[in-house]
Amino acid sequence: MVEIELDGKKVEVPEGSMVMHAAEKAGTYIPHFCYHKKLSIAANCRMCLVDVEKAPKPLPACATPVTQGMVVHTKSERAIKAQQSVMEFLLINHPLDCPICDQGGECQLQDLAVGYGMGSSRYGEEKRVVTHKDVGPLVSMEEMARCIHCTRCVRFGEEIAGVMELGMVNRGEHAEITTVVGDTIDSELSGNVIDLCPVGALTSKPFRYSARTWELSRRKSVSPHDSTGANLIVQVKNHRVMRVLPLQNEEVNECWLADRDRFSYEALNGEARLTRPMLKQGGQWAEVDWQTALEYVANGLQNIRAEHGAQAIGALVSPHSTLEELHLAARLVRGLGSDNIDHRLRHAEFAPAAGVRWLGMPIAALSTLQSVLVVGSNVRKDHPLFAQRIRQAARVGGCVMAINAVTYDWAMPVEHTLLAPASGWAGLLAQVAAAVAAEKGLQAPVADVQPDEAARAVAAALQRGERKAILLGNAAAHHAHASTLLALAQWIGEHTGASVGYLTEAANTVGAQFVGAQPQGDGLNARQMLQGGAKAVLLLNTEPEYDSALGAEAAAGLAQAEMVVTLSPFKANLEFSDVLLPIAPFSETSGTFVNAEGRVQSFHTAARPLGEARPGWKVLRVLGNLLGIEGMDFETSQDVLAEATGAPAGSLSHLPAERLDNRSTAVLGALPSGECPEPVVASIYELDSLVRRAPSLQLTADARAARAAREGAAR
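Residues numbered from 1 in each chain as written. Predicted model: local features only at pLDDT ≥ 70, side-chain atom pairs only at ≥ 80, totals over all residues. Heavy atoms only, no water.

- The chain has the name NADH-quinone oxidoreductase in an unreviewed UniProt entry, where Melaminivora alkalimesophila is given as its organism.
- In the Sequence similarities (unreviewed entry) part of its UniProt record, the chain is described as follows: "Belongs to the complex I 75 kDa subunit family."
- Of the comments in the UniProt record for the chain, the one headed Function (unreviewed entry) reads "NDH-1 shuttles electrons from NADH, via FMN and iron-sulfur (Fe-S) centers, to quinones in the respiratory chain. Couples the redox reaction to proton translocation (for every two electrons transferred, four hydrogen ions are translocated across the cytoplasmic membrane), and thus conserves the redox energy in a proton gradient." (UniProt positions renumbered as here; feature names shortened; annotations may be inferred.)

Put into C-alpha cells, the structure is as follows:
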C-alpha cells in the first residue's frame, strides 16, 4: 500500500494505483471525460489535471501513478485554472445545440461546463463540421460534431466487445471517430457506447427525439432474455416504456447490457400487442370480456377432463416466464390431475435430471478462468455478457477452447477448436477424456477411443491451473444425447478439477426446473404434446412454431387438439389457438427470474398493463379458482414466490445449493448410437417473442443473417 495526501487527507491505495483511484477511495470528485473504470487509461481529454507538489506542471489524475508521500491538490488555483483551460478548448468546436440534444439533462460535458466553463466564448472563428454517418439501426452518429474525442467508444470495442468497429482517423482539427470504411456497428454489445459517450455524439436511434430524461420515471428490473439476468433500469413516460438502461451489478452484468436487453422494449409498444381477450368463433376472432374468456377456458378444460381424462390436458410454458407464472401453471395442471407440463421446447432428449442444472459457478468467476472448454455454443451470440467475461479472462492469458459443428467468431482468441457434426460431439469429449485418462493412468470412460493431437491439447489445458470450467451451451442442452455429453463432461471435470455447468438458455431456465415446470412422473414431455399427445393445451408465453424443435410441425400437432389456450402479451398462435388471453410482459408485472448461477432476482411493475392485459400469475390464479383447484388464493406475487421457494419473499438470494446438481443419469461405457439430428438453437434475435417483435433489432446484421439462413434452408 502507498499513502498519499489528497486535499489535506491521508489516503492509502495499492501500489500501482493512479491518483484518480485514490480520489475515488477518498470520495473526492475529479472532473474527467476519457477515464472509465472498466476501460484502459487513455489520458487524452486532460480534464482531470491536478496539482501535484514538486511537479513542474499539472498532471492528469487518471494516468499519474501514486508514490509514497505524494501531495495532491485537486482544488488549488493551479488545478482549477488548468481544468478551466481544458474546458475552454473542448467547447471551441462544440455546437450550441443543448436544447435539441438527446443527451441534454444527463450530459457530462453540460454538467462540467457549468462548473468549469466560461460565461462566454473567446472563440469567434468558424466551427468545424463533421459529416453525419449511418452506422446501423441502433446507434446514431448523426451529430458527431459534438464528439470530444475521449475514445471511450473505441476502447470499449477493442477491450470489451472484442471488435474494434470504431476508430479515430486524421489528426488535429480534422480528427474524427468513424467506422473508417463506412461499415455499420454490428456488435451484439454496441448499445453500451451510448452509455459510455459523455456527450451527445453517440445516441440511441430508437429513443432519439422521443422524450427528455427529466420526464422519465425509473424502475429497477431484470432482463427477460438470456440467462445472465442482467439488471435494468426501465424508464417510463405516460405508462409507456421509453428506454432501458443498465443497472450496475458487478456480480451479474457489471455496467453492461446486451443489445437485446436494451432495445427489445420496442416490442412492448408495438401493434402486435394483445390488449383484450379473444375467442375464435366460426373461424373468426372476436374480442370478449375476461369473465367470458376465463369461463370458456374453465368449462373447456373440465369437459375435456371428463371425456378424455386428466392426462389429456397439458401445458407448454416458456422459460422466459416469471417464477410465479411457472409455479402457478404447474400447480394448475397438477391440480387438474395431469403431469403434462414442460418448458424444454427445444430439447431433443428428456431424460430426468438429478437436480436443477445450472452454470456450476458464479457468473463473476467467468472473468478469472484460466482455461475453459465450451461445448455446443456460439457463446458470443447466445450469451453476449458471458462471452464478454470470458473475453476478459482470455485478455490476461486464459485458454479458451471449443467443441462445435462450425467455427464461430467469438471476438477473442480461441486456442483449440474441435470440429464435428453434433452426432460426433460425444466422440470428441470421449477423446479428451481418454487423453486425461492416459495422462493420469486411469481407465477411460469409453473404451477403444484414441485421442488425436487436438484432443490431447485440450486435455492438457484443462489440467493446468486452478480456475477452469467445462461449459455446455444451448446446443449441448438441446442435443439428442445431452445426458451423455454431460456425463463425459462430468468425468473430465472430476479428473481435471474443472467445474461443469450449463450456460442455460433463457432468463428462467433454472427457475423453471426449480418449480417443477416439467414432468415429475409419467407426464408427456414437450415433444409428445407438440405432436398431438394432448387434447387441451395451455401455451404460456410461448409460440411453438418459433420456440420449439419441431417448428412448423408443432403447429400441425397442436391443430389436432380440441382446445388450445394462448396466454401471451401478443397476438400469437392465431392459426391453432381457440382462446387468446392477454398477459403482461416483464415490464408490466412483478415477478422473479432465476439466472444461470441460481441467483433469485425479483422486480416490480414498471408500467401499467396495456389495455386489459393482466399479470400472468393473476390470470392463472383466477383460472385455478374457477376450476376449484385448492391453494390458488394468493394476494400478491410475493405470496406466490414465498410458496414457490419455501422461504419468505425477499429472503432468498440464491437457490439452495442442495437443489443445484449437474450430475448426469447416463451410464458411460460406449458412445451412443442411432439418429442424432442437429440441435435446434434460436439465433440471437429470435430467442423469444419480445426480440422477434422489436423492429430495430430485426434490422441488425445478425437478424438479417438469421433470416437469410432460414429462407435458404426452407428452399
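Things to note about empty space enclosed by the protein
In step 1: Within the structure shown, the criterion is met by 6 cavities of 30 Å³ or more.
In step 2: Considering only enclosed or pocket space, the largest cavity measures out at about 580 Å³ in volume.
In step 3: In terms of lining residues, the largest cavity is bounded by 43 residues, among which S318, P319, H343, E505 and T509 are the most central.
In step 4: Elements represented by at least two residues in the lining of the largest cavity include exactly α14 (482-496), α15 (509-514) and α21 (689-692).
In step 5: Partitioning the lining of the largest cavity into residue classes produces 18 nonpolar, 17 polar and 8 charged. (1 Å grid on protein atoms, 1.4 Å probe; cavity = no way out; pocket = protein on both sides within 12 Å on 5 of 7 lines; lining within 4 Å. Points joined across faces, edges and corners; volume = space filled by probe spheres on them. Helix = DSSP H or I, 4+ residues; strand = E, 2+ residues; numbered from the N terminus. Nonpolar A, V, L, I, M, F, W, Y, C, P; charged D, E, K, R; others polar.)

Some thoughts on the UniProt feature "domain: 4Fe-4S Mo/W bis-MGD-type" (unreviewed entry) in the chain
In step 1: Per the UniProt entry, the sites bearing "domain: 4Fe-4S Mo/W bis-MGD-type" (unreviewed entry) are residues 216-272 in this numbering.
In step 2: Along residues 216-272, the helical share is 9% and the strand share 35%, with 24 Å between the first and last C-alpha atoms.

Concerning the sheet that holds strand β11 (residues 231-237)
Paired through backbone hydrogen bonds, the strands of a sheet run either parallel or antiparallel to each other.
In step 1: Sheet architecture is open: 3 strands sit in the order β10-β11-β12, paired in antiparallel fashion. Every other strand in the sheet has two partners, leaving β10 (217-222) and β12 (240-246) as the edge strands with one partner each. Strand-to-strand twist across the sheet, computed as the mean angle between neighbouring axes with direction ignored, equals 30°. (Pairing = 2+ DSSP bridges. Axes fitted to C-alpha atoms, helices over the stretch in contact; angles between N-to-C directions.)

As for the nonpolar core
One broad rule of soluble globular proteins: the nonpolar side chains tend to lie buried together.
In step 1: Within the largest apolar cluster, 75 residues are counted, with the highest numbers of intra-cluster contacts made by F33, M47 and F156.
In step 2: Those elements that provide at least two residues to this core are α2 (77-92), α3 (108-116), α4 (152-161), α5 (192-196), β11, β12 and α21.
In step 3: The element best represented in this core is α4, accounting for 5 residues.
In step 4: Apart from the residues lying within four places of it in its own chain, the contact partners of F156 are L39, A161, L189, N192, V193, L196 and W256. (Core = buried A, V, L, I, M, F, W, Y, C linked by side-chain atoms within 4.5 Å. Buried < 20%, exposed > 50% of the residue type's maximum accessible area, 1.4 Å probe, protein only. Contact = heavy atoms within 4.5 Å.)

Considerations on unusual backbone geometry
In step 1: Even without being a glycine, K54 presents a positive backbone phi close to 75°.
In step 2: As for its placement among the helices and strands, K54 is situated in the loop between β3 (49-52) and β4 (59-60).
In step 3: For N541, which is not glycine, the phi dihedral falls at a positive 60°.

Some words on the packing of aromatic side chains
In step 1: Applying the stated criterion across every chain, the model contains 2 aromatic pairs.
In step 2: Both rings, one in F156 and one in W256, keep their centres 5.1 Å apart while their planes meet at 55°; by these two values the pair is tilted. With F156 in helix α4 and W256 in the loop between β12 and α6 (259-263), the pair connects residues that are 100 residues apart, well separated along the chain.
In step 3: Judged by its relative accessible area of 2%, W256 is buried.
In step 4: Here the aromatic rings of F593 and F603 are separated by 5.2 Å at their centres, their planes lie at 35°, and the arrangement is tilted. Here F603 lies in strand β26 (residues 600-603) and F593 lies in strand β25 (residues 591-594), a separation of 10 residues in the sequence. Of the two residues, F593 and F603, neither departs from the other in class, the shared state being buried.
In step 5: Seen from the ring of F207, R243 lies directly overhead, with NZ or CZ sitting 4.5 Å from the centre. (Phe/Tyr/Trp six-rings, centres within 6.5 Å; stacked < 30°, edge-to-face > 60°. Lys NZ or Arg CZ within 6 Å of the ring centre and 35° of its normal.)

Quick notes on the domain arrangement of the chain
In step 1: What the domain assignment lists for the chain is domain 1 (2-92), domain 2 (119-267) and domain 3 (278-352 + 509-612).
In step 2: Together domain 2 and domain 3 conceal approximately 1,400 Å² of surface at their shared face, both sides included; 58% is due to carbon and sulfur atoms.
In step 3: Among the residues of domain 2 in contact with domain 3, V222, P224 and H239 are the three that bury the most area, contributing 36% of the side total.
In step 4: There are 1 salt bridge connecting domain 2 and domain 3.
In step 5: One salt bridge in this structure joins E251 and R599, with 3.2 Å as the shortest N-O distance.
In step 6: Breaking the side of domain 2 that touches domain 3 down by element, the ones donating at least two residues are β10 and β11.
In step 7: Taken together, the residues of the side of domain 2 that touches domain 3 sort by class into 8 nonpolar, 9 polar and 3 charged. (Domains from an automatic or database assignment. Buried area = accessible area lost by both parts, 1.4 Å probe. Salt bridge = Lys/Arg side-chain N within 4 Å of Asp/Glu carboxyl O.)

Structural notes on the sheet that holds strand β22 (residues 536-540)
In step 1: Across the sheet, 7 strands lie side by side as β14-β13-β24-β23-β22-β15-β16; this open sheet has mixed pairing. If you trace the sheet from one side to the other, it starts and ends with β14 (284-287) and β16 (341-342), each paired once.
In step 2: Relative to β16, strand β15 (residues 313-317) runs parallel, the two sharing 2 bridges. The residue of β16 that forms the bridge with L316 is D342.

What about the UniProt feature "domain: 4Fe-4S His(Cys)3-ligated-type" (unreviewed entry) in the chain?
In step 1: Taking the numbering used here, the UniProt-annotated feature "domain: 4Fe-4S His(Cys)3-ligated-type" (unreviewed entry) corresponds to residues 78-117.
In step 2: Here residues 78-117 is 60% helix and 0% strand, with 16 Å between the C-alpha atoms at its ends.

A look at α2
Owing to its 3.6 residues per turn, the α-helix aligns residues three or four sequence positions apart on the same side.
In step 1: Relative to the 22 Å expected for 16 residues at 1.5 Å per residue, α2 spans 23 Å between its end C-alpha atoms, a close match to the ideal helical length.
In step 2: Here α2 has its buried residues at A79, A82, Q83, V86, M87, L90 and I92. (Expected span 1.5 Å × (residues − 1).)

A few points about the pattern of salt bridges
In step 1: Enumeration over the complete set of coordinates arrives at 35 salt bridges.
In step 2: R276 is paired through a salt bridge with E612; the nearest N and O atoms lie 3.1 Å apart. Within this pair, whereas R276 is found in the loop between α6 and β13 (278-281), its partner E612 is found in the loop between β26 and α19 (616-626), the two being separated by 336 residues in sequence.
In step 3: The exposure class assigned to R276 is partly exposed, which follows from its relative accessible area of 27%.

Remarks on the environment of L471
In step 1: Counting through the fold element by element, L471 comes out in strand β20 (residues 468-472).
In step 2: Here the alpha-carbon distance between L471 and A498, two residues 27 residues apart in the chain, equals 9.8 Å.
In step 3: Excluding residues within four positions of it along the chain, L471 makes contact with L359, M361, L366, V372, L373, V374, V375, I390, G501 and L503.

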